[in-house]
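Residue-level structural notes
Below, each chain spelled out in residue letters.
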2 protein chains.
Amino acid sequence: MEDIISLSYGNGGRKTSELIDSILMPELKNDLLSPLGDGAILGLKNSNIAFSTDSFVIYPYFFPGGDIGKLSVCGTVNDIIMCGSVPKYLSLSFIIEEGFSTEHLRNIVKSIGATSAKAGVSIVTGDTKVVDKGHGHGIYINTAGIGEKIEGLNLGVSQIKPGDKVIITGPCGNHGISILCAREGLFSSQIKSDCMPLIPLLDISKKYRQHIKIMRDPTRGGVATTLNEFSEQMQYSIQLLEDKIPVDEDVRAACDLLGLDPLYSANEGKALIVVSEEASEGLLKDLKAIDIFKDAAIIGEVVDYVKSKVLMKTPIGGTRILDKLSYDALPRIC
Amino acid sequence: MEDIISLSYGNGGRKTSELIDSILMPELKNDLLSPLGDGAILGLKNSNIAFSTDSFVIYPYFFPGGDIGKLSVCGTVNDIIMCGSVPKYLSLSFIIEEGFSTEHLRNIVKSIGATSAKAGVSIVTGDTKVVDKGHGHGIYINTAGIGEKIEGLNLGVSQIKPGDKVIITGPCGNHGISILCAREGLFSSQIKSDCMPLIPLLDISKKYRQHIKIMRDPTRGGVATTLNEFSEQMQYSIQLLEDKIPVDEDVRAACDLLGLDPLYSANEGKALIVVSEEASEGLLKDLKAIDIFKDAAIIGEVVDYVKSKVLMKTPIGGTRILDKLSYDALPRIC
């Protein structure tokens, strides 16, 4: 391999084979990927499957707590989990800008390999394109994922009822604030992204399958936007308790200084779970027993005195409406 | 919608919803896509599935015979068919450059809708990202696809035996030459891309399931590169007969003038099929009865007197080796 990626690495010929053999296969090899045809044939145990995709255009592509490779795996793995399914297989597609460092690519692929292994998924099919300089930004990655649906876990906004509790699995807003600080060189960029695969949530989902109404990872647009996506599809509202919402100290301080709201900042390793009231304390206790969810909290509940809103109750007893994200604080955070 | 796509259409908030509601849903709506969660739950009839992905970075994104939207559907649909499977579901992910024309996006989405309908596939999950100006080139699209495997059709290089015939479903090289001419404004850009979904091949594949050894669509790198991918994985060689290879007159003329070889030029609506000798004439006859395959031809056979090569027999009796594409005639053709 040359030190930088030239256009010919994307021509589908000899150079593309070289890139696959020397960079991709050593990190990602498995029996399904190896034949390298136009796609993979998968034998699933379950014919009810989840299917999801995301493209990742984050800049910078290396950031505190992760990189675009780790994020590309976590993003799709978490989306599959949010569908109530066990992630099994990923596709992986690169759009690389001519001139990109081969070493950076190698490190990103290593990170994809390590995160996939951690999440228990196999990369089974892929694609590499190279675009001419000035028509990309280093590297963009798309992943699509397939998971097997957990039987008896039937998620949907229509399952939500007044009295249901809203749980978040950890502090809000870390990813978005981390990327902002990394990009702008603020606060010596010490705030880490929360980017991680939410695999331990699978056991919890199975245990509480009869009680969980919906799960969603609050990525772009943050917690406020995700909860609005729920509320606008239902007759009820979601009422949050401001002083129950966990936010890390450094994220809170950065938000205060920058005039940002952690509820609109992206997360890449958190889930919002709406669960029946009766199961909520048990689910929270089980979550908190898992290290990555130790700061989980019940942050609100579903109420029926207003229609289709997200309401925030402040500690002094006031209530305000939380809208969807409309102003773009920070583009290209995932 | 505004006339051009701004960064805020990719923020995951209100503007992203507007783009989804006003441009995507009218063309692509179906029961599985509508809930707009993090992914779709699919109930398959068959738990043996094909999974494939491609990113499309073609420029220009409108070209004679198609556009990037049509290509994005055809590319993945055809890859699934090449896996011996019936394409069912697609994911769809956009990376749009800030400043892209909303009308162009609308036309591309229309084309995606029309091609999906023609191919019998549903778009069930998707994603939209917007990158800042100067970090894209109008629009890039990723699709991933899921298909149900045709029972009894077991494809692989290991199935190939000496005596097997190589069939191509139509003339070679149209897509690559079309894009080159469109990009450079050559020959008044009259040469059309062959971009199309190969759906009629499914019935043929079922009928000859016991005889077809492998199928592959010769996209980037063309027929020569695809056949090399077969030959380098086997003990035998593939011997082509130069005068049997169909090439359209206008493609041949353009190649002669430009010093290009249609065997290295991309196709986006052709398949190479390796089939047992005994079934080859019957399969060819059935192919030729279908309008889009009327120029199909047996172009060569598998031989065992040389190992792992692609050989070309010229009309005057000479033989030369056809290698994989190594020099990059034309980047970004798909």
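This structure is a prediction, so every number in the text was calculated from the model and none was measured. (Residues numbered from 1 in each chain as written. Chains lettered and ligands numbered in written order. Predicted model: local features only at pLDDT ≥ 70, side-chain atom pairs only at ≥ 80, totals over all residues. Heavy atoms only, no water.)

All right, on to the domain arrangement of chain A then. Residue and element names in this part refer to chain A. The domain boundaries assigned to chain A delineate domain 1 (7-37 + 45-149) and domain 2 (157-321). Computed from C-alpha coordinates alone, the two centres of domain 1 and domain 2 are separated by 28 Å. Contacts between domain 1 and domain 2 engage 22 residues on the former and 23 residues on the latter. Roughly 1,800 Å² is buried in total at the junction of domain 1 and domain 2, and carbon and sulfur atoms are behind 72% of that figure. Interface area lost by domain 1 to domain 2 is led by P64, I81 and M82, which between them contribute 33%. Between the two partners, domain 1 and domain 2, sit 0 salt bridges. The tally of links between domain 1 and domain 2 comes to 6 residue pairs in polar contact (both at pLDDT 80 or more). (Domains from an automatic or database assignment. Contact = heavy atoms within 4.5 Å. Buried area = accessible area lost by both parts, 1.4 Å probe. Salt bridge = Lys/Arg side-chain N within 4 Å of Asp/Glu carboxyl O. Polar contact = N/O pair within 3.5 Å; in protein donor to acceptor, adjacent residues only side chain to side chain.)

Residue and element names in this part refer to chain B. Interaxial distance between helix α2 (residues 68-82) and helix α3 (residues 102-119) falls to 7 Å at its minimum, and their mutual angle equals 30°. The angle between the axes of α2 and α3 places the two elements in the roughly parallel class. In terms of crossing hand, the pair formed by α2 and α3 is right-handed. Only I108, S111, I112, T115, S116 and A119 of α3 make contact with α2, whose side of the interface consists of I68, G69, K70, V73, C74 and V77. Among the residues making up the contact of α2 with α3, the classes are represented as 7 nonpolar, 4 polar and 1 charged. (Axes fitted to C-alpha atoms, helices over the stretch in contact; angles between N-to-C directions. Helix = DSSP H or I, 4+ residues; strand = E, 2+ residues; numbered from the N terminus. Parallel < 35°, antiparallel > 145°, perpendicular 65-115°, else oblique. Left-handed = near helix turned anticlockwise from the far one by under 90°. Nonpolar A, V, L, I, M, F, W, Y, C, P; charged D, E, K, R; others polar.)

Taken in spatial order, the 5 strands of this open sheet run β1(A)-β2(B)-β7(B)-β5(B)-β6(B), and their pairing is mixed. Two strands bound the open sheet, and with one partner strand each, they are β1 (40-43) of chain A together with β6 (122-131) of chain B. Direction aside, the axes of adjacent strands within the sheet are offset by 20° on average. Bridging between strand β5 (residues 85-97) of chain B and strand β7 (residues 139-149) of chain B involves 11 bridges; their strand directions are antiparallel. Note that in β7(B) the partner of B:S91 across the bridge is B:A144. (Pairing = 2+ DSSP bridges.)

So, about the side chain of B:T169. Residues and elements named next belong to chain B. Position of T169 relative to the elements: it lies in the loop between β8 (165-168) and α4 (174-184). The exposure class assigned to T169 is buried, which follows from its relative accessible area of 0%. At 2.9 Å, the side chain of T169 forms a polar contact with the backbone nitrogen of A271. Excluding residues within four positions of it along the chain, T169 makes contact with L201, G269, K270, A271, I273, L287, I292, F293, D295 and A296. (Buried < 20%, exposed > 50% of the residue type's maximum accessible area, 1.4 Å probe, protein only.)

This part covers the relation of the copies chain B and chain A. In summary, the two copies of the chain are related to each other by a rotation about an axis coupled with a shift along it. Under the fitted operation, chain B is carried onto chain A by 0.0 Å of movement along the axis and a turn of 180°, and the coordinates agree to an RMSD of 0.0 Å. In symmetry terms, the pair is related by a two-fold rotation axis. Comparing contact sets, 100% of the residues at the interface of chain B also lie at the interface in chain A, consistent with an isologous, same-surface contact. (Least-squares fit on C-alpha atoms with pLDDT ≥ 70 in both.)

Contact residues are listed per partner, giving 74 residues for chain B and 74 residues for chain A. Carbon and sulfur atoms supply 54% of the area buried between chain B and chain A, which totals about 5,600 Å² over both sides. Per-residue buried area on chain B facing chain A is highest for B:D38, B:F51 and B:R220; these three make up 15% of the total on that side. The tally of links between chain B and chain A comes to 8 salt bridges. With a shortest N-O distance of 2.8 Å, B:D132 and A:R332 are connected by a salt bridge.

By the element assignment, B:Q239 lies in strand β10 (residues 237-241). Not counting the four nearest positions on each side in its chain, B:Q239 is found in contact with B:I299, B:G300, B:E301, B:V303, B:Y305, B:L311 and B:K313.

Residues A:F187, A:L257 and A:L258 make up a contiguous nonpolar surface patch of about 280 Å² in total accessible area. As for its placement among the helices and strands, A:F187 is situated in the loop between α4 (174-184) and α5 (201-207). (Patch = residues over 30% accessible without salt bridge, like charges linked within 9 Å, V, L, I, M, F, W, Y side chains within 5 Å. Areas by Shrake-Rupley, 256 points an atom, 1.4 Å probe, with all protein chains shown as cover.)

Now for the pairing of strand β8 (residues 165-168) of chain A. Residues and elements named next belong to chain A. Where burial is concerned, the two faces of β8 agree: the one with K165 and I167 and the one with V166 and I168 are both buried. Across 4 bridges, the pairing between β8 and strand β12 (residues 297-303) is antiparallel. In the strand pairing of β12, I168 is matched with A297.

What follows is about helix α6 (residues 222-231) of chain B. All names here are of chain B. For α6, a buried count of 9 out of 10 residues is recorded, marking the element as mostly surrounded by other parts of the structure. Regarding α6, the residues found buried are G222, V223, A224, T225, T226, L227, N228, F230 and S231. Taken together, the buried residues of α6 touch β8, β9 (212-216), β10, β11 (272-275) and β13 (310-313).

All names here are of chain A. Mapped onto the secondary structure, N107 falls in helix α3 (residues 102-119). We classify N107 as partly exposed; its relative accessible area is 32%. Placed 84 residues apart in sequence, N107 and I23 show a C-alpha to C-alpha distance of 9.4 Å.

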